[in-house]
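Each chain, letter by letter, is given below.
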Amino acid sequence: MRHHDTDALARVGKPGQGAEPFGKPRFAKAYSFALVTGVFFLLSWVGQFVFQYIAFSQEQQTHGQEAAFSDYFPQFAASTLENWQSEFLQLIWQAAGLALFYYWGSSQSKESDERIEAKLDALLAERGIDPGGSAQR
C-alpha cells in the first residue's frame, strides 16, 4: 500500500492556505488570454472610434458643416461591421472550416489509420514492447 502525503492532503480543501494543488485557478489566471485579448480589442475599437471621429470632423469642417455625433454613429457602425465582416468572418470560416474538414476526414487533414498504427508499432518495437500486447524482457 502506498503512503499518502498527509500534509498535502490536509491542505486540500482548506481555504486561505495558499494555492491548492488541485483547486480551480483564480479567474485572472484561468482567463488571462481572453482578458488580454478583450483589452486589446477594446483599445483598438476605442482607437478606431477616436481617429475615425477626427477624420469625420475634419471632413465636416472642410464642407463648412458642424460635426455631430448623430451623423457620425451610423458611419462608425458601418465601418466597424465592415471590418468585422472582412476580418472575423474570414477567421471564423478558417477555424470552423478546418475543424469541419478534419471531422469529415479530408485527405489533407487526417492521416490514415494504417499509417498511425504503423508508427505506433514502430515506436513500440523500438522500445522492446511487443505490439501484440505481451512485453519482451
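The structure presented is a predicted model; accordingly, all values stated were derived computationally and were not measured.

Participant: Break down the overall build of the chain for me, with residues and values.
Facilitator: Looking only at helices and strands, one finds five helices and zero strands in the chain. In the chain, the succession of α and β elements from N to C terminus is α-α-α-α-α. In the chain, which comprises 137 residues, the share counted as buried stands at 8%. Working note: accessible area of the chain is about 12,200 Å², and carbon and sulfur atoms make up 62% of it.

Participant: Break down a negative patch on the surface for me, with residues and values.
Facilitator: Judged by side-chain charge, Asp 113, Glu 114, Glu 117 and Asp 121 come together as a negatively charged surface patch. Structurally, Glu 114 is set in helix 5 (residues 113-126).

Participant: How would you explain the packing of aromatic side chains if you had to name every residue and give the values?
Facilitator: The geometry of an aromatic ring pair is captured by two quantities: the separation of the ring centres and the angle between the planes. Tallying each qualifying case throughout the model produces 17 aromatic pairs. For the ring pair Tyr 53 and Phe 56, a centre distance of 6.3 Å and an interplane angle of 40 degrees mean the geometry is tilted. Linking Tyr 53 with Phe 56, this pair stays in helix 3 (residues 32-62), spanning three residues, or about one helical turn. By way of ring pairs, the aromatic residues Phe 41, Trp 45, Phe 49, Tyr 53, Phe 56, Phe 69, Tyr 72, Phe 73, Phe 76, Trp 84 and Phe 88 are connected into one cluster.

Participant: Break down a nonpolar patch on the surface for me, citing the residues and quoting the values.
Facilitator: Taken together, the side chains of Leu 42, Trp 45, Leu 81, Trp 84, Phe 88, Leu 89, Leu 91 and Ile 92 define a hydrophobic patch exposed on the protein surface, amounting to about 780 Å² of accessible area. Those elements giving two or more residues to the nonpolar patch turn out to be helix 3 and helix 4 (69-104). Sorting elements by how many residues they give to the nonpolar patch places helix 4 first, with six residues. Following the sequence through the fold, Leu 81 ends up in helix 4.

Rules behind the numbers
Residues numbered from 1 in each chain as written. Predicted model: local features only at pLDDT ≥ 70, side-chain atom pairs only at ≥ 80, totals over all residues. Heavy atoms only, no water. Helix = DSSP H or I, 4+ residues; strand = E, 2+ residues; numbered from the N terminus. Buried < 20%, exposed > 50% of the residue type's maximum accessible area, 1.4 Å probe, protein only. Areas by Shrake-Rupley, 256 points an atom, 1.4 Å probe, with all protein chains shown as cover. Patch = residues over 30% accessible without salt bridge, like charges linked within 9 Å, V, L, I, M, F, W, Y side chains within 5 Å. Salt bridge = Lys/Arg side-chain N within 4 Å of Asp/Glu carboxyl O. Lys, Arg positive; Asp, Glu negative; His and termini not counted. Charge placed at Lys NZ, Arg CZ, Asp CG, Glu CD. Phe/Tyr/Trp six-rings, centres within 6.5 Å; stacked < 30°, edge-to-face > 60°.

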